[in-house]
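# Coordinate analysis (summary)
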Amino acid sequence: MKEFDFIRAIQPANLRQSHVIKGIGDDAAIVRTPYHDSILTVDTMVENIHFSRKTVDPFHIGWRALAANISDIAAMGGVPIAYLVSIVVSDNWKEHELIEIYNGMDELARKYNMDLIGGDTVIGQELSISITVMGTVAANGKRYRSHARDGDVVFVTGNLGGSACGLHVLLQDTGNSLTPFKDAIRKHQMPIPNVEFVERCASIKRMALNDISDGIASEANEIAKASNISIEIEPDKLPTHKDLEHFPSELQYQWKMSGGEDFELLGTVSLHEWHEIKKIANQIHVPITKIGSVHYHTERNGKAWIKDNNKLLRLEPTGYIHKTK
Ligand SMILES: Nc1ncnc2c1ncn2[C@@H]1O[C@H](COP(=O)(O)OP(=O)(O)OP(=O)(O)O)[C@@H](O)[C@H]1O
Ligand SMILES: Cc1ncc(C[n+]2csc(CCOP(=O)(O)O)c2C)c(N)n1
Ligand SMILES: [Mg+2]
Ligand SMILES: [Mg+2]
Ligand SMILES: [Mg+2]
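Criteria and cut-off values
- Residues numbered from 1 in each chain as written.
- Chains lettered and ligands numbered in written order.
- Predicted model: local features only at pLDDT ≥ 70, side-chain atom pairs only at ≥ 80, totals over all residues.
- Heavy atoms only, no water.
- Near = heavy atom within 4 Å.
- Polar contact = N/O pair within 3.5 Å; in protein donor to acceptor, adjacent residues only side chain to side chain.
- Nonpolar A, V, L, I, M, F, W, Y, C, P; charged D, E, K, R; others polar.
- Domains from an automatic or database assignment.
- Contact = heavy atoms within 4.5 Å.
- Buried area = accessible area lost by both parts, 1.4 Å probe.
- Salt bridge = Lys/Arg side-chain N within 4 Å of Asp/Glu carboxyl O.
- Helix = DSSP H or I, 4+ residues; strand = E, 2+ residues; numbered from the N terminus.
- Pairing = 2+ DSSP bridges.
- Axes fitted to C-alpha atoms, helices over the stretch in contact; angles between N-to-C directions.
- Buried < 20%, exposed > 50% of the residue type's maximum accessible area, 1.4 Å probe, protein only.
- Donors = N, O, S within 2.8 Å, 3.2 Å for Na, K, Ca; no water.
- Core = buried A, V, L, I, M, F, W, Y, C linked by side-chain atoms within 4.5 Å.
- Areas by Shrake-Rupley, 256 points an atom, 1.4 Å probe, with all protein chains shown as cover.

## Structural notes on the site of ligand 1
Taken together, Asp43, Asp72, Arg145, Asp211, Ser213 and Asp214 make up the full set of residues near ligand 1. A distance of 3.0 Å separates an oxygen atom of ligand 1 from a polar side-chain atom of Asp72. One of the side-chain nitrogen or oxygen atoms of Ser213 is found 2.7 Å away from an oxygen atom of ligand 1. Its residues assigned to classes, the shell around ligand 1 comprises no nonpolar, 1 polar and 5 charged.

Below, the structure is given as structure tokens:
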């Protein structure tokens, strides 16, 4: 594979967004977004950390990497417009496999009318794919981690633990049928970010949001810290992915709390607006569950807690943490 032939092979024939003034083919892309604020985010996925040949096909590598970034746009209250892809690839990847990575991205991008507007290609060691997504957000539609307030309902979209369960069965070499876990595997390989839900919530005045990449134990602590409030979670209320029923309850709990990569949204909203967002979620068939509440309590602020009968236990921000030695 030669760099320039590859770029030609992945270059879209036409642009989907009128905002994109200049796409692939010059030193950089140009995007015009009058009237709206832009959102910019980047996340990187690396072979054998975020995916392996055993857990995903090339198509899924592209899908997941773009989904993780679109999920961050949704978690800010925005809609995605365009993306740039920086890829480091070793010379044992075949060109058709690399094209499949781009096909995976394009299939998801098509759902949101997003354009691929540029990137970079380097031949190196392990496959690493870094995607920058640009989106827009309405002035009163921003959903910060710091927007949680005393008395809010804590909610989560969809269900939890599916991605970690899918990853677990894909990594096992038992030779057993994977059919009972096909939904969890799909959740791992092709997560769907919650853009539509966020768009439909445009009329909601205030909402704190965080997307679930590391696991709710981690994301709940991030909201608590940013808003200087206490988040109390009732573990029995956590919505469970159905394929988890095949596993012991301790493992289910661990996957729901700190499995991560479900790319659902964890949020908080006033009780009054909770009734509104429940209606919105129902209209678009997005499951939504109240899992706890927000409190202002000087000793507990900045942290998340587990409500166990009437005791409060610290919910440590467990989850996947990248570390050097
Ligand atoms: N290497 C870096 N340089 C500059 N800013 C960074 C870097 N890494 C993270 N950040 C910033 O830190 C903040 C938190 O990033 P983080 O990656 O934890 O969030 P996230 O993308 O929601 O989570 P995840 O990476 O698990 O999907 C973001 O504002 C991000 O842009
Ligand atoms: C092969 C393989 N092994 C392990 C995992 C699990 N994993 C890797 S990174 C991460 C958290 C999010 O990362 P980040 O914080 O970088 O967004 C998780 C849960 C995987 N997906 N594939
Ligand atoms: Mg990140
Ligand atoms: Mg995030
Ligand atoms: Mg992210």
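That was the structure; now back to the text.
## Re the domain arrangement of the chain
Taken domain by domain, the chain comprises domain 1 (3–137) and domain 2 (145–314). Summarising the inter-unit geometry, the C-alpha centres of domain 1 and domain 2 are found 26 Å apart. At the interface, 22 residues of domain 1 touch 20 residues of domain 2. On the domain 1 side of the contact with domain 2, Lys54, Thr55 and Arg64 bury the most area, a combined 30% of that side's loss. Where domain 1 packs against domain 2, one counts 1 salt bridge. Put simply, domain 1 and domain 2 have 6 residue pairs in polar contact (both at pLDDT 80 or more) between them. Of all the secondary-structure elements, those providing two or more residues to the side of domain 1 that touches domain 2 are α2 (58–75), β4 (79–89) and α3 (95–111). Its residues placed into classes, the side of domain 1 that touches domain 2 shows 12 nonpolar, 6 polar and 4 charged.

## Brief notes about the sheet that holds strand β6 (residues 128–137)
Across the sheet, which stays open at both edges, the 4 strands sit in the order β3-β6-β4-β5 with mixed pairing between neighbours. With partners counted over all chains shown, the strands left at the sheet margins are β3 (37–46) and β5 (115–123), one partner each. On average, each strand axis in the sheet is tilted by 15 degrees relative to the strand beside it, whichever way the strands run. Two elements, β4 and β6, share 9 bridges in a ladder whose sense is antiparallel. Bridge assignment links Ala82 to a residue of β6, and that residue is Met134. The sheet strands contacting α2 are β3, β4 and β6, and the helix crosses β3 at an angle near 145 degrees.

## Digging into the side chain of Glu232
Inspection of the secondary structure puts Glu232 in strand β9 (residues 230–233). Using a relative accessible area of 6% as the deciding quantity, one classes Glu232 as buried. Those residues in contact with Glu232 that sit more than four places away from it in its chain are Ile291, Gly292, Ser293, His295, Arg300, Trp305, Lys307 and Leu312.

## Quick word on the coordination of the magnesium ion (ligand 5)
Between any two of four tetrahedral donors, the ideal angle at the metal is 109.5 degrees; between two of six octahedral donors, it is 90 or 180 degrees. Binding of the magnesium ion (ligand 5) to the protein goes through Asp43 (OD) and Asp72 (OD), at separations of 2.1 Å. Here the magnesium ion (ligand 3) and the magnesium ion (ligand 5) are spaced 3.6 Å from one another, each receiving a donor from Asp43. Of this pair, Asp43 sits in strand β3 while Asp72 sits in helix α2, and the two are 29 residues apart along the sequence. By relative accessible area, Asp72 is classed as buried at 18%.

## Concerning the nonpolar core
Formed by 56 residues in total, the largest nonpolar core has its most connected members in Leu66, Tyr83, Ile101, Ile129, Phe197 and Ile277. In terms of residues, this core owes the most to one element, α2, which gives 11 residues. Structurally, this core is a two-domain feature, drawing no fewer than three residues from each of domain 1 (3–137) and domain 2 (145–314). Look past the residues within four positions of Phe197 in its chain and what remains in contact with it is Phe155, Thr157, Leu265, Ile277, Ala281, Ile284 and Ile288. With 22 residues, the next largest nonpolar core counts Leu160, Ile216, Ala217 and Ile306 among its residues.

## Some thoughts on the site of ligand 2
Ile49, His50, Asp214, Glu261 and His322 are the nearest of the 13 residues found near ligand 2. Between ligand 2 and His50 there is a distance of 2.8 Å, counted from an oxygen atom to a side-chain nitrogen or oxygen. Within the contact set of ligand 2, an oxygen atom lies 3.0 Å away from a side-chain nitrogen or oxygen of Asp214. In the complex, 84% of the free accessible area of ligand 2, which totals 530 Å², lies under the protein chains. Its residues assigned to classes, the shell around ligand 2 comprises 4 nonpolar, 6 polar and 3 charged. Split by domain, the shell around ligand 2 shows at least three residues from each of two domains, domain 1 (3–137) and domain 2 (145–314).

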